[in-house]
Amino acid sequence: MKRTISILVENHPGVLSRISGLFSRRGFNIESLAVGVTDDPTISRITIVVDGTERIIEQVEKQLNKLIDVIKLRTLNPDEMISRELMLIKVAANAADRGEIMNIVKIMGAKISDITRTTMTVEVSDSADRLETMLELLKPFGLKEVIRTGIVAIQKGTESLR
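Counting from 1, residues in each chain are numbered in the order their sequence is written. Reporting in this predicted model follows two pLDDT cut-offs: at least 70 for local features of residues, and 80 or more for side-chain atom pairs to be given and counted; totals over whole chains, interfaces and linings ignore these cut-offs and use all residues. Side-chain measures were taken over the full set of non-hydrogen atoms in the model, leaving aside hydrogen atoms and water.

J.: Any details on the packing of helix α1 (residues 15-26) against helix α2 (residues 54-66)? Residues and values, ideally.
T.: A fitted line through C-alpha atoms represents every axis, and for helices the fit uses only the stretch in contact; the resulting angles, taken between N-to-C directions, go from 0 to 180 degrees. Elements are defined by DSSP. Helices are runs of H or I of four residues or more, strands are runs of E of two residues or more, and each kind is numbered from the N terminus. For the pair α1 and α2, interaxial distance at closest approach is 10 Å and the crossing angle is 135°. Of the possible angle classes, the one that applies to α1 and α2 is oblique. Note on packing geometry: the crossing formed by α1 with α2 is right-handed. For the pair formed by α1 and α2, the contact residues are I19, L22, F23 and R26 on the first element and V60, Q63 and L64 on the second. Each residue is assigned to one of three groups, with Ala, Val, Leu, Ile, Met, Phe, Trp, Tyr, Cys and Pro labelled nonpolar, Asp, Glu, Lys and Arg labelled charged, and all others, Gly among them, labelled polar. Grouping the amino acids of the contact of α1 with α2 by side-chain chemistry returns five nonpolar, one polar and one charged. Small angles under 35 degrees read as roughly parallel and large ones over 145 as roughly antiparallel, with 65 to 115 read as roughly perpendicular and the rest as oblique. Take the far helix as the reference: if the near one is turned anticlockwise from it by less than a right angle, the crossing is left-handed, and if turned clockwise, right-handed. Whether two residues are in contact is decided by their heavy atoms, any of which lying within 4.5 Å being enough.

In structure tokens form, the structure reads like this:
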């Protein structure tokens with residue numbers, strides 16, 4: 001089962017190394033990792049997606065809470081969060097296929113970021129499931145390159161991690 005853990009940490013060198021080292025030492029696999037500064041420049045938010053049993057997730061939480069740089073963490077319930085990921089897709093696009101690709105891009109709420117005589121680069125920000133759908137729709141044209149960010153997530157409603 002995949003779980004998303006949102007962590008507030010002190011924003012200084014070495015924090016990410018200590019957190020990723022914890023996962024490495026314990027043999028936990030990170031499915032996705034995204035880090036960014038918050039509205040407070042002294043605090044960063046790390047969003048980690050971990051695949052594991054409830055026991056593994058519990059162990060991850062306990063180990064993370066022991067780290068001095070961790071201010072607060074929360075495992076987000078999938079039904080109570082909004083998550084997004086950014087994907088850039090460079091797809092082969094000859095003159096005959098451009099119109100169909102543009103229709104797919106429009107329907108999926110994406111945008112064309114670059115175009116050449118032989119390729120189009122598509123930019124899309126959405127849930128992981130919708131990104132997979134986008135890839136499946138564009139595969140027949142010939143994927144040249146696919147780049148994805150890690151997932152970022154926030155809890156729905158009025159509660160916040162801070």
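Following the structure, the description resumes.
J.: Describe the packing of helix α3 (residues 98-107) against helix α4 (residues 128-138), naming the residues involved and giving the relevant values.
T.: Following both chains from N to C, one finds α3 and α4 inclined at 170°, their axes separated by 11 Å at the closest point. Taken together, α3 and α4 sit at an angle that is classed as roughly antiparallel. From α3, I101, I104, V105 and I107 reach across to α4, where they touch R130, M134, L137 and L138. For the contact of α3 with α4, the class distribution of residues is seven nonpolar, no polar and one charged.

J.: Please set out the environment of E132 residue by residue, giving values where relevant.
T.: Along the chain, E132 falls in helix α4. Remark: the alpha-carbon pair of E132 and S17, spanning 115 residues in sequence, is separated by 30 Å.

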